[in-house]
Amino acid sequence: MQEDFRLIVDLVSVFAVAACGGLLAALLKQPVLLGYLIGGMVVGPTGLGLIKELVQVETLAQFGVAFLLFALGVEFSLTELKKVKAIALGGGALQITLTILITVLVCGVTGAWGTLPAKGVFLGSILSLSSTAVVLKCLMERNETETPHGQVMLGILVVQDLALGLMLAVLPALHEPAEAIGVAVVMALLKIGLFAAGAIVAGIWLIPPLLRLLAGTESKELFLLGVVTICLGIALLTEYLGLSIEMGAFVAGLMISEVEYADETLTIVEPLRDIFASLFFAAIGMLIDPVFLWQNLELILGLVALVFVGKFLIITPLVKLFRYPLKTALIAGLGLSQIGEFSFVLASEGQTLGLVSRRIYLLILGTTAVTLMLTPFILRLVPFLFDFAESMPWLKPYFVDDQAHDFSEDLPRKNHIVVCGYGRIGKNLVKLLQQYQLPVVVIDQSESRIQQLRDSGIPYVYGNGVSLHVLETAGVSHAQGMAIALPDPASIRLCLKRALEVCPELDLVVRATQDKNIEVLYQLGAKEVVQPEFEASLEMVTHLLIAVGLLPEVIQQKMQQIRQDHYLYLRPQSSPAEVSQYLQKITRDLNRRWYDLPANSPLIGMSLEEVNMRYLTGVSLMAIRRATGEEIDYPNSQTTLLSGDRLLVVGSAAELTALVEFAEGKITQ
């Protein structure tokens, strides 16, 4: 085989094992970058030794770092940062600073870095970063990006990502002798300042016209070529100035982030980023010695525990310091306790500069990989941990945020509409309701949104919508109706349940974030459940059918029938076993209980409409398990109770007690 083809064979081998490793990781619900690392370990020198042109592969992998940082800069959003600017800028900066200071202190006390404290700064920088990719993926899977803890985590992550550029710029200065570090850092910051000034000038007067010129050609190839040239050209400039390629790529992305072509740039560059990023992480994997990891497994697991506990103890008090509830602070602390994927970039650069030995470098890689792997499991365990904590009477007061932190002085007290959640849907609801001169009260627990309500003069209650006290403060018991537009499915269910505890006859309309929740919300007492994606489909097909000549009245009648059938025609079919399993899962946070209907109960033979269980006892009936083994999930008003039935009900302890008395005939209708 000719030597010229050796690099091509090596690249194909790396991409193949990265794809296989990524697929395996995805099937196991793990971050795909762990699959890339494992793939690199398999084909690398310490594995099967299939890669011969290791230096060339590692050189090409630098494109992955450049495109990763470039895309990060393009994605950077001042708008997102403004939503939680206090905790993001204040808390994020404090978290990074404290992590570095504590790491330097520990290294100094233990003598881990000899006479060069800068190495402690380097390690602290690595430990201070968390994984934007892993945390964001977990939040999106659970529809929690708009929740308070989701916003807090994303705000801190944005600041960490921004700090990465500064770390990469200062990193070369840390290689200087201890007595020269101060001067080197000042010179590095001076270079950053001059470069930043030039970047601002170019970002205002040079880059936008250039992108408009490229976009005007309507050629994707030319646009891509121009963007890649900008990215790599600025990256090479920063390398020449003694900073780093990564710093230049990140700044290049920032220069484009506020231009109207930012989204198009990101869309075009993402495939390149993903391809070369997989090559970069696989190249990192090639440097990992699995034998070394196995021989040092106990040490790595100890470091993992130390990292998780240490970062948790730093982040949780910081979030609480910014007046967030304890529950939000704990979730943020647990969710950000890992070491991020960009720590691989810092670690690789640090090894190149001689800041760490190969042994320390391998320990960093192993520890980082394990923390990334454990994070999704930890976040999945969080609801169960809180359920357990809230079941303890002495712990419950610390975890239940049941206070209205602030509210308008001129709250309407009757015949108003309560809107819970002031996101995009909530804002639109309020705007439309105000057009009809209807009094509105908004419940939200985001400080930035509450400030928007203050500025707009809209009555508000600042607090958690699942709290009975907050709902009572908002006057739910005397409201004409209520709309729940929260982003988190669990919060939607709890808010619905608590609102009906305050006012059993309340007219409630609820947004379903997932189609699987539609029947649950109806069963819990919602008068109307709206699923945005289904509604968009109905409106679009209505327009098309009317346009082809069908009668509008007939089409509207058909669409309304689909809504009355709870979108059943549009929902994917699930087996009875799948429905039952999902029902068991989502009722865990609603204090569920299986109740055996007494053999002599006066309710036997009555329909659920006649029983009127929710109004009389407050509990919601979710499923019935017959004596024959048949299970009826989401029973309707015509379902009849029979002897031997087991009822899956949800409600508070007092409501469940009332159900027992009602079923035994001690309470009459």
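The structure under discussion appears in the preceding block.
One structure accompanies this document, and this report is about it.

Calculation notes
Residues numbered from 1 in each chain as written. Predicted model: local features only at pLDDT ≥ 70, side-chain atom pairs only at ≥ 80, totals over all residues. Heavy atoms only, no water. 1 Å grid on protein atoms, 1.4 Å probe; cavity = no way out; pocket = protein on both sides within 12 Å on 5 of 7 lines; lining within 4 Å. Points joined across faces, edges and corners; volume = space filled by probe spheres on them. Helix = DSSP H or I, 4+ residues; strand = E, 2+ residues; numbered from the N terminus. Nonpolar A, V, L, I, M, F, W, Y, C, P; charged D, E, K, R; others polar. Patch = residues over 30% accessible without salt bridge, like charges linked within 9 Å, V, L, I, M, F, W, Y side chains within 5 Å. Areas by Shrake-Rupley, 256 points an atom, 1.4 Å probe, with all protein chains shown as cover. Salt bridge = Lys/Arg side-chain N within 4 Å of Asp/Glu carboxyl O. Buried < 20%, exposed > 50% of the residue type's maximum accessible area, 1.4 Å probe, protein only. Pairing = 2+ DSSP bridges. Axes fitted to C-alpha atoms, helices over the stretch in contact; angles between N-to-C directions. Contact = heavy atoms within 4.5 Å.

So, on to empty space enclosed by the protein. Scanning the entire structure with this criterion turns up one cavity of 30 Å³ or more. Reported here for the largest cavity is a volume of approximately 30 Å³. If you go around the largest cavity, the residues you meet are Pro489, Ile492, Arg493, Ala512, Thr513, Asn517 and Leu521. Ranked by the residues each element gives to the lining of the largest cavity, the list is headed by helix 23 (residues 489–502), at three residues. Looking at side-chain class alone, the lining of the largest cavity contains four nonpolar, two polar and one charged residues.

Our focus in this paragraph is a nonpolar patch on the surface. A contiguous nonpolar patch, built from Leu94, Leu98, Ile102, Val106 and Leu321 and spanning about 410 Å² of accessible area, is present on the exposed surface. Top element by residues in the nonpolar patch is helix 5 (residues 85–110). It accounts for four residues. Turning to its location among the elements, Leu321 is positioned in helix 15 (residues 297–321). When its relative accessible area of 58% is taken as the criterion, Leu321 is described as exposed.

Turning to the sheet that holds strand 9 (residues 620–625), a few remarks are in order. Taken together, four strands build an open sheet; the order of strands is 8-11-9-10 and the sheet is antiparallel. What marks the edges here is a single partner per strand, and that holds for strand 8 (592–596) and strand 10 (631–633). For this sheet, the mean inter-axis angle between neighbouring strands, taken without regard to orientation, is 25 degrees. As paired elements, strand 9 and strand 11 (residues 646–650) share five bridges and run antiparallel to each other. Paired with Ser620 across the strands is Val650, a residue of strand 11. Across the sheet, helix 27 (residues 576–586) lies against strand 8, strand 9, strand 10 and strand 11, angled at about 65 degrees from strand 10, the strand it touches most.

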